[in-house]
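Remarks on the overall topology
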Protein chains: 2
Amino acid sequence: MSTAIISKQELLEHWLGHRKLTRQTIEKFPEEELFHYKVEGMRTFADMLKELLALAVPGLQEIVDNKSGELNENLSYSTKAQLLQAWDEATPILIDLFNKIPEERFAEEFNLFGQYKSPVVHSILYFIDNEIHHRGQGFVYLRMLGIQPPFFWERG
Amino acid sequence: MSTAIISKQELLEHWLGHRKLTRQTIEKFPEEELFHYKVEGMRTFADMLKELLALAVPGLQEIVDNKSGELNENLSYSTKAQLLQAWDEATPILIDLFNKIPEERFAEEFNLFGQYKSPVVHSILYFIDNEIHHRGQGFVYLRMLGIQPPFFWERG
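In this report, the structure presented in the accompanying data block is examined. Note that this is a predicted model, so its numbers are computed, not measured. (Residues numbered from 1 in each chain as written. Chains lettered and ligands numbered in written order. Predicted model: local features only at pLDDT ≥ 70, side-chain atom pairs only at ≥ 80, totals over all residues. Heavy atoms only, no water.)

**Structural notes on the nonpolar core**
Here is the rule: In this description, a nonpolar core means a group of buried Ala, Val, Leu, Ile, Met, Phe, Trp, Tyr and Cys residues linked to one another through side-chain atoms lying within 4.5 Å. Only protein chains enter the area calculation, which uses a 1.4 Å probe; residues under 20% of their type maximum are buried, those over 50% are exposed, and those in between are partly exposed. Working rule for contacts: check all heavy atoms of both residues, and any pair within 4.5 Å makes them a contact.
Of all hydrophobic cores here, the largest spans 98 residues; its most connected members are Ile124 of chain A together with Ile124 of chain B. Setting aside anything within four residues of it in sequence, one finds isoleucine 124 of chain A in contact with Leu11, Trp15, Leu60, Phe98, Ile101 and Phe106 of chain A.

Put into C-alpha cells, the structure is as follows:
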C-alpha cells in the first residue's frame, strides 16, 4: 500500500492548532458584541461558536459510539467566560474521542446526526472546515468593530 | 504500517470541492463590488482571490520542482471574467501538479516561497484552509451587500 500523506495524529494536531486560533478570536471580542453584534442575515459570533461546540464533541461521540443522535445547537452559554470555559472543556474530550476512532473507520460511512451520511473522515474535515469558515467571518466582525484579529497563521 | 485516514486523491477531491464553492462565491459578486467593496482594514474579495491564485499553482509548482521562488500576489486581473478565467485555468494545472507530488514527499520539509518552511502536507492544508478562511470573509461581504451566499456544504 502507498505511504500515508497525513497521519491521524497530524490531523488531530492540525485541528487543535485551529482550535487555539479560534479561542484567540473569541478572546478578542468584547462580551457585548460577542453575543449581540451581527451582519444582517447572519448570526452573532457566539451563535456560530455554539454551532461549532454542538458539532465537534457530540459528532465525535456519535462516531465513537457508532450511533446517530440529534444535533442540538441551542446551547445556553450567555457570557464570554462560559463560552471560553466550554471551549476549553471540549478540547480534552475531543482529543480523547478522536484518539478512540481507529484508522480503519475513517473511510467508513456514518450517518452523522442522523442526517449527514458520509465517510467519517469527511465529517471530521467538515468540523475543521466549518470552524475555519465561521472564524473567518468572526475576523470580519472584529475588523468592523475596529479590533485587529489574531494572525491566521499563528496556531500556537 | 497503519491504514491511511485520507488518500492523496481524496485530499485533492476535497480541495476541488472547495474550489467549486469559491468559484460560485466569485460568481455571486457584482463586478464593481468584487473589486472595490471592503471592510476597513481588510482587502477586497478580488485581492483575496489574487492571493489564493498566487499561492496554489505557484506553490505546487515550487513543490514539484523542489525549488523555492518568490511569492507574487500582484496579479493584474481587473474584471470578474478575468478572475473567473484565471480560476478555471488554474484548476487543471493544480490537478496536474498535485498528482505529480509523490506520497512520500508530503512529509518532507520544503521552504515554500523561500520563507515558509514546513512539511509539504502542511503547505497544501494551508492553501485549502486559507481559501476557506477568505471565502468565509467573502460570504460576509455578500451578506453586507444584501446578496445570499452559496451554501457552504454544497461543493458540486
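**Here we look at the interface of chain A and chain B**
Definition in use: Note: buried area is the sum, over both parts, of the accessible area (probe 1.4 Å) each one loses when the two are combined. Basic side-chain nitrogens of Lys or Arg form a salt bridge, by our definition, when they fall within 4 Å of a carboxyl oxygen of Asp or Glu. Any pair of nitrogen or oxygen atoms within 3.5 Å is treated as a polar contact; in protein, a donor-acceptor pairing is required on top of that, and neighbouring residues in sequence qualify only through side-chain atoms on both sides. Only DSSP runs of H or I covering at least 4 residues are called helices, and only runs of E covering at least 2 are called strands; the numbering of each starts at the N terminus. By the convention adopted, Pro, Cys, Tyr, Trp, Phe, Met, Ile, Leu, Val and Ala count as nonpolar, Lys, Arg, Asp and Glu as charged, and the other residues, Gly among them, as polar.
With 35 residues of chain A in contact, the opposing surface of chain B contributes 35 residues. In this assembly, chain A packs against chain B so that about 3,300 Å² is buried in total across both faces, 72% of it on carbon and sulfur atoms. Seen at the junction of chain A and chain B, the total is zero salt bridges. Linking chain A to chain B there are eight residue pairs in polar contact (both at pLDDT 80 or more). Mapped onto the side of chain A that touches chain B, the elements with two or more residues apiece are helix H1 (8-28) and helix H5 (120-144) of chain A. With 14 residues, the single largest contributor to the side of chain A that touches chain B is H5 of chain A. For the side of chain A that touches chain B, the class distribution of residues is 18 nonpolar, ten polar and seven charged.

**Some remarks on the relation of the copies chain A and chain B**
The following threshold applies: Here the copies are superposed with least squares, the fitted atoms being C-alpha atoms of residues at a pLDDT of at least 70 in both.
With an axial shift of 0.0 Å and an RMSD of 0.0 Å, the rotation relating chain A to chain B amounts to 180 degrees. Considering both components of the superposition, the chain copies are consistent with a two-fold axis. Comparing interface residues between copies, 100% of those in chain A also sit at the interface in chain B, which points to an isologous, same-surface contact.

**Regarding the packing of helix H1 (residues 8-28) of chain B against helix H3 (residues 45-65) of chain B**
All names here are of chain B. As a reminder, the rule being used: Where helices are involved, their axes are fitted lines through C-alpha atoms of the stretch in contact, as for all axes, and angles between N-to-C directions lie from 0 to 180°. If an angle is under 35 degrees, it is roughly parallel; if it is over 145, roughly antiparallel; if it lies from 65 to 115, roughly perpendicular; otherwise it is oblique. Left-handed describes a crossing whose near helix is turned anticlockwise from the far helix through less than a right angle; right-handed describes the clockwise counterpart.
Two numbers describe how H1 lies on H3: the axes approach to 12 Å, and their chain directions differ by 155 degrees. With respect to each other, H1 and H3 are oriented roughly antiparallel. For the element pair H1 and H3, the recorded crossing hand is left-handed. Here Trp15, Arg19, Thr22, Thr25 and Ile26 of H1 come into contact with H3, specifically with Phe45, Leu49, Ala56 and Leu60. Residue classes in the contact of H1 with H3 are distributed as six nonpolar, two polar and one charged.

**Considerations on the environment of phenylalanine 152 of chain B**
Along the chain, phenylalanine 152 of chain B falls in the segment after helix H5 (120-144). On the basis of relative accessible area, phenylalanine 152 of chain B is assigned to the buried category, the value being 5%. Sequence-wise, phenylalanine 152 of chain B and threonine 22 of chain B are 130 residues apart; in three dimensions their C-alpha atoms are separated by 9.6 Å. For phenylalanine 152 of chain B, the contacting residues outside a window of four places in its chain are Tyr126, Asp129, Asn130 and His133 of chain A together with Leu21, Ile132, Arg135 and Phe139 of chain B.

**Let's talk about unusual backbone geometry**
For asparagine 66 of chain A, which is not a glycine, the phi torsion comes out positive at approximately 55 degrees. Within the secondary structure, asparagine 66 of chain A sits in the loop between helix H3 (45-65) and helix H4 (80-100).

**As for H3 of chain A**
All names here are of chain A. This is how the line gets drawn: The span you would expect from a helix comes to 1.5 Å times its residue count less one.
For H3, spanning 21 residues, the distance from its first C-alpha to its last is 30 Å, which sits close to the expected 30 Å at 1.5 Å a residue. With 16 of 21 residues buried, H3 lies mostly within the body of the structure. Directly beyond the C-terminal end of H3, a positive phi value near 55 degrees is found at asparagine 66.

**A closer look at the pairing of strand S1 (residues 109-112) of chain A**
All names here are of chain A. The test is simple: Strand pairing requires that DSSP identify at least two bridges connecting the strands.
With burial as the criterion, only one face of S1 is covered, namely that bearing Phe110 and Leu112; the residues Glu109 and Asn111 on the opposite face remain uncovered. Across four bridges, the pairing between S1 and strand S2 (residues 116-119) is antiparallel. Bridge assignment links glutamate 109 to a residue of S2, and that residue is proline 119. Between S1 and S2, which pair antiparallel and follow one another directly, the connecting turn spans three residues, one of which, phenylalanine 113, has a positive phi of 55 degrees.

**A short note on the side chain of histidine 134 of chain A**
Residue and element names in this part refer to chain A. With respect to the helices and strands, the residue histidine 134 is situated in helix H5. Since its relative accessible area comes to 7%, histidine 134 is described here as buried. In this structure the side chain of histidine 134 is engaged in a polar contact, spanning 2.9 Å, whose partner is the side chain of glutamine 137. In this view, histidine 134 contacts Arg43, Phe45, Met48, Glu51 and Leu52; residues no more than four positions away in its chain are not counted.

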